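# Observations on the three-dimensional arrangement
Each chain is listed here by its residues.
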Amino acid sequence: MSHDEFGTVIAPHTVRIERVLPGPVERVWEYLTDSEKRGKWLAAGEMELHVGGRVELRFFHSGLSHEPVPERYAVMRDGHVHTGRVTRCEPPFLLAYTWAEQTGAPSEVTFEVSERGAEVLLVVTHRRLVTRADRVSVASGWDAHLGILEDVLSGRAPRGFWSTHAQREAEYEKRLPRD
């Protein structure tokens with residue numbers, strides 16, 4: 001799958017995005033679980049790799065691709081933190097954790113990693129996205145973050161996070177089903 005393909009709603013309140021990435025599986029797993037490597041495409045932060053383990057994601061979007069934070073996301077300019085708990089951990093093939101527990105109504109994200117020849121299929125499934133606005137926002141965010149992961153793993157300069165997010169958000173606004 002190329003980065004031009006979009007995620008889909010696979011069940012009520014659930015978005016799924018797939019990417020084929022350079023392998024091997026263990027390398028992709030490191031970029032999901034190691035704070036420093038995860039910080040290059042998503043968010044740094046400690047992660048206890050066992051069921052019930054604490055997850056801390058320290059987002060600093062302007063450091064991902066050096067684009068300024070748009071005014072509508074000004075609250076994120078100096079970074080923000082999400083916390084969660086690991087719900088499944090089967091290295092190096094499956095990781096799931098709650099997302100944004102600090103909100104009181106956390107969603108859950110699952111990463112499934114599988115070999116596809118010399119490449120790796122990464123499937124990201126984000127559940128418990130109650131509103132359509134949540135689904136559009138989360139799909140756009142994952143799309144932009146996964147594009148940067150693809151760039152990092154391929155040895156390319158990372159694409160712009162915010163410009164990609166804005167473009168993908170406009171597309172998801174058209175593509176995702178209305179409630």
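Description of the structure in this document. (Residues numbered from 1 in each chain as written. Predicted model: local features only at pLDDT ≥ 70, side-chain atom pairs only at ≥ 80, totals over all residues. Heavy atoms only, no water.)

## Re helix 5 (residues 161-175)
- If you check helix 5, its first and last C-alpha atoms are 20 Å apart, about what 15 residues at 1.5 Å a residue would give, namely 21 Å.
- Where helix 5 is concerned, the buried positions are F161, W162, T164, H165, R168, E169, E171 and Y172.
- Where helix 5 is buried, its residues contact strand 2 (14-22), helix 3 (62-65) and helix 4 (132-154). (Helix = DSSP H or I, 4+ residues; strand = E, 2+ residues; numbered from the N terminus. Expected span 1.5 Å × (residues − 1). Buried < 20%, exposed > 50% of the residue type's maximum accessible area, 1.4 Å probe, protein only. Contact = heavy atoms within 4.5 Å.)

## Things to note about the nonpolar core
- Grouped together as the largest cluster of nonpolar side chains are 47 residues, with contacts concentrated most on W41, Y97, W99, F111, L122 and W142.
- It is helix 4 that contributes the most residues to this core, 10 residues altogether.
- Residues contacting F111, with those up to four places away along its chain left out, are L32, W41, F93, L94, L95, Y97, L122, V123, V124 and W142. (Core = buried A, V, L, I, M, F, W, Y, C linked by side-chain atoms within 4.5 Å.)

## Observations concerning unusual backbone geometry
- The amide bond that connects G23 to the next residue, P24, takes the cis arrangement and shows omega of 5°.
- Note the cis peptide between P91 and P92, where omega equals -10°.
- Here P92 shows up in the loop between strand 4 (80-90) and strand 5 (94-99).
- Phi angles above zero are rare outside glycine, and H13 is one such case at about 70°.

## Digging into the environment of D34
- Note that D34 resides in the loop between helix 1 (25-33) and helix 2 (35-38).
- When the C-alpha positions of D34 and R88 are compared, they lie 16 Å apart, and in sequence the two are 54 residues distant.
- One polar contact links the side chain of D34 to the main-chain amide nitrogen of E36, over a distance of 3.2 Å.
- One polar contact links the side chain of D34 to the main-chain amide nitrogen of K37, over a distance of 3.0 Å. (Polar contact = N/O pair within 3.5 Å; in protein donor to acceptor, adjacent residues only side chain to side chain.)

## Structural notes on the pattern of salt bridges
- Here the structure, examined in full by the defined rule, presents 14 salt bridges.
- For E56, the salt bridge is made with R58, and the minimal N-O distance between the two is 2.9 Å.
- Residues K174 and E171 are paired through a salt bridge, measuring 3.5 Å at the closest nitrogen-oxygen approach. In this pair, K174 and E171 both sit in helix 5, 3 residues apart, roughly one turn of the helix.
- Each of E150, D151, R156 and R159 takes part in a single network of salt bridges with overlapping partners. (Salt bridge = Lys/Arg side-chain N within 4 Å of Asp/Glu carboxyl O.)

## Re the environment of L32
- For L32, the position within the fold is in helix 1.
- Separated by 34 residues in sequence, L32 and H66 have C-alpha atoms that sit 21 Å apart.
- Apart from the residues lying within four places of it in its own chain, the contact partners of L32 are R38, W41, M47, L95, F111, V113 and L122.

## Here's the deal with the packing of aromatic side chains
- Considering all chains together, one arrives at 9 aromatic pairs under this definition.
- Measuring from ring centre to ring centre gives 5.3 Å for W99 and W142, while their planes differ by 50°; the resulting arrangement is tilted. Pair noted here: W99 is in strand 5 and W142 is in helix 4, with a separation of 43 residues, a long-range link. In this pair, the class of W99 matches that of W142, namely buried.
- For the ring pair F161 and W162, a centre distance of 4.8 Å and an interplane angle of 85° mean the geometry is edge-to-face. Across the pair, exposure class does not vary: F161 and W162 are buried alike.
- Three or more aromatic residues joined by ring pairs make a cluster, and in this case those are W41, F59, Y97, W99, F111 and W142.
- Just above the ring of F6 sits the side chain of R168; from NZ or CZ to the centre is 3.9 Å. (Phe/Tyr/Trp six-rings, centres within 6.5 Å; stacked < 30°, edge-to-face > 60°. Lys NZ or Arg CZ within 6 Å of the ring centre and 35° of its normal.)

Read these as spatial facts, not as claims about activity.
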